[in-house]
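Observations on the three-dimensional arrangement
These are the residues of each chain, in order.
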Amino acid sequence: IGTMNTADRSIALLDMALRRRFTFREIMPNSELLATLPGPVATDDGGVIHLDKLLKAINQRIEYLYDRDHTIGHSYLMGVKTFDDLVRVFQQKILPLLQEYFYGDWHKIQLVLGDLIGSDDVDYRPKAHPHAIVSHVVQRPKRLFGLEDEAYQDRRSYVVNEELSAESFRKIYQTLGTA
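Since the structure is predicted, the reported quantities are computational estimates derived from the model, not experimental observations.

Broken down by element type, the chain carries 7 helices and 6 strands. Reading the chain from its N end, one meets helices and strands in the order α-β-β-α-α-α-α-β-β-β-α-β-α. Per-residue burial over the chain gives 33% buried out of 179 residues. Partitioning the contacts of the chain with sequence separation of at least 6, the portion at a separation of at least 24 is 56%.

Here helix H4 (residues 83-101) spans 25 Å end to end across 19 residues, near enough to the 27 Å set by a 1.5 Å rise per residue. Most pronounced at Phe90, the bend in H4 amounts to some 45°. Listed as buried for H4 are Phe83, Asp85, Leu86, Val87, Val89, Phe90, Ile94, Leu95, Leu97, Leu98 and Tyr101.

Tallied over the full model, the rule gives 6 aromatic pairs. Judged by centre distance (6.5 Å) and plane angle (50°), the rings of Phe145 and Tyr152 are tilted. Looking at Phe145, the relative accessible area reads 58%, which means it is exposed. Judged by relative accessible area, Tyr152 falls into the partly exposed class, the value being 45%. Following the ring pairs from residue to residue traces out a cluster consisting of Tyr66, Tyr101 and Phe102.

What follows concerns unusual backbone geometry. Residues Leu37 and Pro38 are joined by a peptide bond in cis, for which omega reads 15°. On the secondary structure map, Pro38 appears in the loop between helix H1 (12-21) and strand E1 (41-42).

On to a nonpolar patch on the surface. The grouping of Ile11, Leu14, Leu18, Phe22 and Phe24 at the surface amounts to a nonpolar patch, some 480 Å² of accessible area in total. Note that Leu18 resides in helix H1.

Contact pair H4 / helix H7 (residues 166-174): the axes reach a minimum separation of 11 Å and the direction vectors enclose 70°. The angle between H4 and H7 places the two elements in the roughly perpendicular class. Pair H4 / H7 crosses with left-handed handedness. Residues Phe83, Leu86, Val87 and Phe90 of H4 form the contact with H7, whose participating residues are Ala166, Phe169 and Ile172. A breakdown of the residues in the contact of H4 with H7 according to their chemical character gives 7 nonpolar, no polar and no charged.

What follows concerns the packing of helix H2 (residues 51-65) against H4. Orientation of H2 relative to H4, taken along the N-to-C sense of each, is 10°, at an axis distance of 14 Å. Considering their axes alone, H2 and H4 lie roughly parallel with respect to each other. Contacts between H2 and H4 involve Leu51, Leu54, Ile58 and Ile62 from the former and Leu86, Phe90 and Leu98 from the latter.

Let us now look at the nonpolar core. Counting 33 residues, the largest nonpolar core has Leu54, Phe90, Leu113 and Phe169 as the members making the most contacts within it. Going through the elements one at a time, H2, H4, helix H5 (106-112) and H7 are the ones with two or more residues in this core. No other element matches H4, which puts 10 residues into this core. If we ignore the near neighbours within four places in the chain, the residues touching Phe90 are Leu54, Ile58, Leu95, Pro96, Leu113, Ile133, Phe169 and Ile172.

Thresholds applied
Every chain is numbered on its own, with residues counted from 1 as its sequence reads. Per-residue local features are limited, in this predicted model, to residues with pLDDT of at least 70; the limit for side-chain atom pairs, both in listing and counting, is 80 or more; totals at the level of whole chains, interfaces and linings are taken over all residues. Hydrogens and water molecules were not included; the side-chain quantities draw on all heavy atoms of the structure. Strands are runs of DSSP state E lasting at least 2 residues, helices are runs of H or I lasting at least 4, and numbering of each runs from the N terminus. Categorising residues by exposure relies on relative accessible area from a 1.4 Å probe, with only protein chains included: less than 20% of the type maximum marks a residue as buried, more than 50% marks it as exposed, and the intermediate range marks it as partly exposed. In what follows, a contact means two residues having at least one pair of non-hydrogen atoms within 4.5 Å. A helix is expected to span 1.5 Å multiplied by its residue count minus one. Fitting one axis to the seven residues ending at a residue and another to the seven starting there, the bend at that residue is the angle between the two axes. Aromatic rings from Phe, Tyr and Trp, taking only the six-membered ring of Trp, are treated as a pair when their centres fall within 6.5 Å; an angle between ring planes under 30 degrees marks them as stacked, one over 60 as edge-to-face, and anything in between as tilted. Patch membership requires over 30% relative accessible area and the absence of a salt bridge. Like charges are linked within 9 Å, and nonpolar side chains (Val, Leu, Ile, Met, Phe, Trp, Tyr) within 5 Å. Only the protein chains shown count as cover for residues, with accessible areas throughout obtained via the Shrake-Rupley method and a probe of 1.4 Å. Any carboxyl oxygen of Asp or Glu within 4 Å of a side-chain nitrogen of Lys or Arg constitutes a salt bridge here. Axes, fitted as lines to C-alpha atoms, cover a helix only where it is in contact. Angles between the N-to-C directions of the axes lie from 0 to 180 degrees. To sort the angles, those under 35 degrees are grouped as roughly parallel, those over 145 as roughly antiparallel, those from 65 to 115 as roughly perpendicular, and the leftovers as oblique. In this scheme the crossing of two helices becomes right-handed for a clockwise turn of the near helix relative to the far one and left-handed for an anticlockwise turn of less than a right angle. In this count, Pro and Cys sit with the nonpolar residues alongside Ala, Val, Leu, Ile, Met, Phe, Trp and Tyr, while Asp, Glu, Lys and Arg are called charged and the others, Gly among them, polar. Take the buried Ala, Val, Leu, Ile, Met, Phe, Trp, Tyr and Cys residues and link them wherever side-chain atoms come within 4.5 Å; each set so joined is a nonpolar core.

In structure tokens:
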């Protein structure tokens, strides 16, 4: 038995040779497995984080923004037993993977993580969620340089927050479908 990600196909001839010689069975991420093993993760605020809902929300967004072959496997979260485990997996595995998938497009990473909320702003510039995993600040040329030149547009500067709360994770699946 061997495993292979469809996203990892980079050597076409080797891939074709393997496909001729072996039987293939697609196994997609199964977030439902996380509902019981390891199950919800207890948090310091007395609540829980539902890993199954978390992974399902993330994967629905990745599939929409990228494709289904890049969805995140349930194995990333199978060993998570504590909140600290979840933070570690996100910081060391899931965020780096998202950075690779959406190279240079932090806005899409924010979308995947539910890190944006609407604004009352006339131009509808989304704001970072108060518990964002990836937050941003808008840099305006008027403030930085004292210029109001059309050649210089507003830019966003992004930062990965080191201090994550239970709400940082819950908002990923609680905001699903509330647009």
